[in-house]
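# Per-entry structural report
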Amino acid sequence: MHYRACNLCEAICGLKITVQGGRVTDVRGDPDDPLSRGHICPKGTALPDLHADPDRLKTPMRRVGDSWEPMEWEAALDYVAAQLRAVREQHGADAVATFQGNPSVHNSGTLLSAGAFLKALGSRSRYTATSIDQLPHHFAGAEMFGHPLMLPIPDVDRTDFFLMMGANPLASNGSIMTAPGIRDRLKAIRARGGRVVLLDPRRTESAEYATDFHHIRPGTDALFLLALLNEVFASGLQRTAHLGGVMTGLGALKAAAAPFTPEAVEARTGVSASVTRELARAFASAPRAAAYGRIGLSIQEFGGLCQWLVNALNAVTGHLDTEGGAMFPSPAFDLLAGAKAGATHHGRHHTRVRGLPEFDGELPNVALAEEILTPGDGQIRALITVAGNPVLSVPDGRPWTAPFRAWTSWSASTRT
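Below: a short report on this structure. From a predicted model like this one, the values you see are computed outputs, not experimental measurements.

## Comments concerning the overall build of the protein chain
Each helix and strand counted, the protein chain has 16 helices and 17 strands in total. Its C-alpha radius of gyration of 24 Å places the protein chain within 12% of the 22 Å reference for a compact globule of 416 residues. Taking the intrachain contacts of the protein chain between residues at least 6 apart in sequence as the baseline, contacts between residues at least 24 apart amount to 66%. Put simply, the protein chain shows about 21000 Å² of open surface, and 54% of that area lies on carbon and sulfur atoms.

## Quick word on unusual backbone geometry
Of note in the backbone geometry, Asp 360 takes a positive phi value of approximately 55° without being a glycine. Mapped onto the elements, Asp 360 comes out in the loop between strand S15 (357-359) and helix H14 (368-373). In this structure Asp 360 comes out as partly exposed when scored by relative accessible area, which is 37%. Phi at Ala 387 takes a positive value of approximately 55°, unusual for a residue other than glycine. Positionally, Ala 387 belongs in the loop between strand S16 (382-386) and helix H15 (390-393).

## A word on the packing of helix H8 (residues 221-234) against helix H11 (residues 273-285)
Two numbers describe how H8 lies on H11: the axes approach to 9 Å, and their chain directions differ by 65°. Two packed elements cross with a definite hand, and for H8 against H11 that hand is right-handed. Residues Phe 224, Ala 227, Leu 228, Glu 231 and Val 232 of H8 lie in contact with H11, whose contacting residues are Thr 276, Arg 277, Leu 279, Ala 280, Arg 281 and Ala 284.

## A closer look at the pairing of strand S9 (residues 161-165)
With 5 of 5 residues buried, S9 lies mostly within the body of the structure. Because side chains alternate across S9, one face comprises the buried residues Phe 161, Leu 163 and Met 165, and the other comprises Phe 162 and Met 164, equally buried. Alignment of S9 against strand S12 (residues 289-293), held across 5 bridges, turns out to be parallel. Following the sheet pairing, Phe 162 is matched in S12 by Ala 290.

## Quick look at the packing of aromatic side chains
Using the criterion set out here, one finds 4 aromatic pairs in the structure. Between the aromatic rings of Phe 161 and Phe 283, the centroid separation amounts to 5.6 Å while the plane-to-plane angle is 90°, which identifies the pairing as edge-to-face. Placement of Phe 161 in strand S9 and of Phe 283 in helix H11 is noted, with a sequence separation of 122 residues between them.

## Digging into the pairing of strand S6 (residues 96-100)
Each regular strand shows side chains that alternate between the opposite faces of the sheet. In terms of residue burial, S6 counts as a mostly covered element, since 5 of its 5 residues are buried. Side chains of S6 alternate between two faces, with Val 96, Thr 98 and Gln 100 and Ala 97 and Phe 99 buried alike. As judged from the 5 bridges shared by S6 and S16, these two strands associate in the parallel manner. Of the residues in S16, the one forming a bridge with Val 96 is Ala 382. Bridge count for S6 against strand S7 (residues 126-128) is 3 bridges, and the pairing is parallel. Across the sheet, residue Phe 99 finds its bridge partner in S7, namely Tyr 127. In this region the chain leaves S6, passes through helix H4 (residues 108-121) and returns to the parallel neighbour S7; the handedness of that crossover is right-handed.

## With respect to the side chain of Glu 371
Here Glu 371 shows up in helix H14. A polar contact of 2.8 Å, which involves the side chain of Glu 371, links it to the backbone nitrogen of Val 353. Not counting chain neighbours up to four residues away, the residues in contact with Glu 371 comprise Tyr 127, Thr 351, Arg 352, Val 353, Arg 354, Gln 379 and Ile 380.

## A short note on the nonpolar core
Counting 31 residues, the largest nonpolar core has Leu 163, Leu 225, Leu 229 and Leu 313 as its most contacted members. Of all the secondary-structure elements, those providing two or more residues to this core are S9, strand S10 (195-199), H8, helix H9 (250-257), H11, S12 and helix H13 (303-316). For this core, the leading source of residues is H8, giving 8 residues. When residues no more than four places from it in sequence are discounted, the contact partners of Leu 313 are Leu 163, Leu 225, Leu 228, Leu 229, Val 232, Phe 283 and Ala 291. Counting 19 residues, the second largest nonpolar core, distinct from the first, contains Phe 162, Met 164, Ile 182 and Tyr 209.

## A few points about a nonpolar patch on the surface
Among the surface-exposed residues, Leu 149, Phe 333 and Leu 335 lie close enough to one another that they form a single nonpolar patch of about 350 Å² accessible area. By secondary structure assignment, the location of Leu 149 is in the loop between helix H5 (135-145) and strand S8 (153-154).

## Some thoughts on the sheet that holds S12
As summarised here, the arrangement of the 4 strands in space is S11-S10-S9-S12, forming an open sheet in which the pairing is parallel. A strand with exactly one partner marks an edge of an open sheet, and here the two such strands are strand S11 (212-214) and S12. Along the sheet, successive strands turn relative to each other by an average axial angle of 10°, direction set aside.

## Re the environment of Asp 26
Structurally, Asp 26 is set in strand S3 (residues 23-29). The sequence separation of Asp 26 and Lys 16 amounts to 10 residues, and the corresponding C-alpha distance is 8.0 Å. Those residues in contact with Asp 26, other than ones at most four positions away along the chain, are Lys 16, Ile 17 and Thr 18. Side chain to side chain, Asp 26 and Arg 28 meet in a polar contact 2.8 Å long.

## Observations concerning the environment of Arg 294
Looking at the element boundaries, Arg 294 is found in the loop between S12 and helix H12 (295-298). Given the relative accessible area of 4%, Arg 294 is considered buried.

## Points about the packing of H8 against H9
The geometry of H8 relative to H9 is characterised by a closest axis approach of 9 Å and an angle of 115° between their N-to-C directions. Classified by the angle their axes make, H8 and H9 are roughly perpendicular. Considering only the axes of H8 and H9, their crossing is left-handed. In this structure, H8 uses Leu 226, Leu 229, Asn 230 and Phe 233 to contact H9, whose residues at the interface are Leu 250, Leu 253, Lys 254 and Ala 257. Among the residues forming the contact of H8 with H9, the class breakdown is 6 nonpolar, 1 polar and 1 charged.

Rules used in this analysis
Residues numbered from 1 in each chain as written. Predicted model: local features only at pLDDT ≥ 70, side-chain atom pairs only at ≥ 80, totals over all residues. Heavy atoms only, no water. Helix = DSSP H or I, 4+ residues; strand = E, 2+ residues; numbered from the N terminus. Rg over C-alpha atoms; globule rule 2.2 N^0.38 Å. Contact = heavy atoms within 4.5 Å. Areas by Shrake-Rupley, 256 points an atom, 1.4 Å probe, with all protein chains shown as cover. Buried < 20%, exposed > 50% of the residue type's maximum accessible area, 1.4 Å probe, protein only. Axes fitted to C-alpha atoms, helices over the stretch in contact; angles between N-to-C directions. Left-handed = near helix turned anticlockwise from the far one by under 90°. Pairing = 2+ DSSP bridges. Phe/Tyr/Trp six-rings, centres within 6.5 Å; stacked < 30°, edge-to-face > 60°. Right-handed = clockwise from strand over helix to strand, strands pointing away. Polar contact = N/O pair within 3.5 Å; in protein donor to acceptor, adjacent residues only side chain to side chain. Core = buried A, V, L, I, M, F, W, Y, C linked by side-chain atoms within 4.5 Å. Patch = residues over 30% accessible without salt bridge, like charges linked within 9 Å, V, L, I, M, F, W, Y side chains within 5 Å. Salt bridge = Lys/Arg side-chain N within 4 Å of Asp/Glu carboxyl O. Parallel < 35°, antiparallel > 145°, perpendicular 65-115°, else oblique. Nonpolar A, V, L, I, M, F, W, Y, C, P; charged D, E, K, R; others polar.

Read these as layout, nothing more, since geometry by itself doesn't imply function.
Next up, the structure:
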C-alpha cells in the first residue's frame, strides 16, 4: 500500500494506492488525509490508466521532423538551456513565454524553484491557469482589500446560512475554501437548523445537500447579486457598523444597485422576485451567514463583478470578517507579511496584439495563441509549459496546432 497526493487539480487529495507485482490495482481516497478526508475525483481514480499508458513519457523527447527521438536528461537540459538562451539573445526575454497549470502550486518542488527560474528568465510573457479559473477572486481581493491574495472564505463550521453560487464543492472538495469533508460540513449546517442555498444553472451533486436549490440562467449572476443588494438596502437591513472605519463607497453601491430590483431582473435570471426578496432578507437577518461564489461566477463575462458583489453582499450585511461569515484565514506561512500597501496589481504592461492588461504579473491566456502566431517585434518564439496543457485548457485550442508542429520542441514527464 502506497500513500501519495493527487495534485492534478486545485485540491490536493490524499490517496491510498495498492500495488501488486509492480502494477497499480486499486486507488481510493485516504480517509486519514487532513486535507481531503477520503475525497477523490475522477482524475485521481484515472491515475492507474495514466501510469500504465503506453504513450506515457519516461524520458525527454525531441521532435525531429514528424518524429520524436529520445534524449538523455543531461543532454536534454543542456539543449533546452541553449535554445532558450539563443531566443533571449536574438529576440529579447519576452520572446520566451511560460505557462503554469494548477498542479504547479500544489507541488513543493515547483513552488520552491519556479520563482527563481522565472526571475532568471526575466520574461514578462507569463501565463498560468489563473486567468481561466480564479482570477476574478484575486481581482476583487486587490480592488477591495488591497492585495490579490486577500481572499475571504466562508466559515462553514459556524455559519447558519450558506449561500453558494456557481460552486460544486461536492465535486471539488471545497476548492478555494479548502474545506475537506465538505459533505459532512454541509450536513452539519442543516443539522443545527441552518440553511444551505445553492444557485446554479445545473442541478449539481451539491444540490443534494442543500436546503434550497434554484436554477439561474448562465451569465446572469451579477444581476441576481445586485437584486439581493437592492433588497437589502430597500429593507433597511444593511449592517456595516463593525466595518465603519474601513468601508468606503457604500452610497455609490446603493445607487448602483437601485435599478436592479428583484422584479426588474427576474425575467433575465429565471429566479422569481419573491424568491430573491426572501433570500435577501433571510441572508441579511441571519446572525451568521456567508455568501460564496466559485468558478461558475468567475468564468463568465462579468466574473470580476460577480466576485466583487459577493464580497460586497457579505460586507453590507455584516457577514464579512465575522464568525460564521466570510473570514480571512490565518495561514501557517503568511505570504502577505511583506506586502506593500497601495501597490498596483494590474495594467502595468499589456499584450502586444490586442493590448490586454496584465494582472499580478500574468497575461490573459486568451491572448497566448495570437502572441505566438502573429509576426512582428515581440512575437513569442519559445514556450515553457509546467503542469499544464494549454491546447486543452485554453479556450479554442485549435490555433495551437500550427505553432506546436512548427516549433522544434521537447517534452518530458517527471523523472521516474
